[in-house]
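Coordinates in review
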Amino acid sequence: MTIADILRSMTGVWHGNYTVLGPDRVPIERFTSQQEGRMEGTDWTEKVTYFKESADPVTRHYRAIVDGDDARFVDDEMWGTTVRAGDVGILFTFGWKARPRERIVELSMPRGDCRTRLWQHFEDERLVRLTVIDERREPGREPERWYIPPGKD
């Protein structure tokens with residue numbers, strides 16, 4: 001199974017619960033999300049909306065070009081590299097270009113309509129927090145198509 005195969009298995013609309021922990025594992029923040037992902041040809045696209053208390057929802061769009069086990073994100077604000085972790089997981093290291101001292105390492109383990117993700121947040125190579133994400137896929141719901149691959153319109 002390749003990264004492309006794993007991403008195809010994650011197509012859909014996911015509802016998540018985020019728990020952010022300090023390095024001492026004490027909860028800092030909790031919030032929910034909705035993530036819509038789709039694989040079309042070699043294009044992986046995501047639309048993620050974060051719902052935090054006392055704040056307006058924030059929506060981000062992501063796109064990657066995926067060929068087998070090669071995944072390259074197309075984003076002006078973010079960098080990232082992805083490798084497969086066995087036949088069921090993806091290890092994704094990413095960060096924001098405007099914050100070069102930070103990086104996040106994510107392990108994603110999808111299983112049918114359930115998945116868990118763990119983010120390890122680093123600043124200057126020092127662990128500063130963890131984010132545990134528990135998600136469920138909404139049965140039968142198609143993700144929004146916000147990006148149209150060339151020749152598909």
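Quick caveat: nothing in here was measured; it's all calculated off a predicted structure. In this numbering scheme, every chain counts its residues from 1 along its sequence in written order. Reporting in this predicted model follows two pLDDT cut-offs: at least 70 for local features of residues, and 80 or more for side-chain atom pairs to be given and counted; totals over whole chains, interfaces and linings ignore these cut-offs and use all residues. Hydrogens and water are ignored here; the side-chain numbers use all heavy atoms of the structure.

Here we look at the pattern of salt bridges
A pair can form between side chains of opposite charge whenever their charged atoms are brought close. Any Lys or Arg side-chain nitrogen located within 4 Å of an Asp or Glu carboxyl oxygen qualifies as a salt bridge. By the definition in use, this model includes 19 salt bridges. A salt bridge links Glu144 to Lys47; the nearest nitrogen and oxygen atoms lie 2.6 Å apart. Here Glu144 is found in the segment after β10 (126-137), whereas its partner Lys47 is found in strand β3 (residues 43-51), with 97 residues between them in sequence. The exposure class of Glu144 is partly exposed, given its relative accessible area of 37%. Only protein chains enter the accessibility calculation, which uses a 1.4 Å probe. A residue is then buried if its area is under 20% of the maximum for its type, exposed if over 50%, and partly exposed in between. Taking relative accessible area as the criterion, Lys47 reaches 17% and is therefore assigned buried. Two residues, Arg141 and Glu138, come together in a salt bridge whose shortest N-O distance is 3.1 Å. Secondary structure elements are taken from DSSP: a helix is a run of H or I of four residues or more, a strand is a run of E of two residues or more, and numbering for both begins at the N terminus.

Things to note about the environment of Asp76
Residue position: Asp76 is located in the loop between β5 (70-73) and β6 (78-85). Accessibility expressed as a relative area gives 75% for Asp76, which makes it exposed. Sequence-wise, Asp76 and Lys97 are 21 residues apart; in three dimensions their C-alpha atoms are separated by 8.0 Å.

Description of the pairing of strand β4 (residues 58-67)
Where a strand is regular, its side chains alternate between the two sheet faces. DSSP calls a pair of strands paired once it identifies at least 2 bridges connecting them. Bridging between β3 and β4 involves eight bridges; their strand directions are antiparallel. Along β4, the bridge assignment pairs Lys47 with His61. Remark: six residues form the turn of the hairpin made by β3 and β4, two consecutive strands paired antiparallel; Ser54 in that turn has positive phi of roughly 60°. Where β4 hands over to β5, the hairpin turn is made up of two residues, of which Gly68 adopts a positive phi near 65°.

Taken by themselves, the reported measurements are silent on function.
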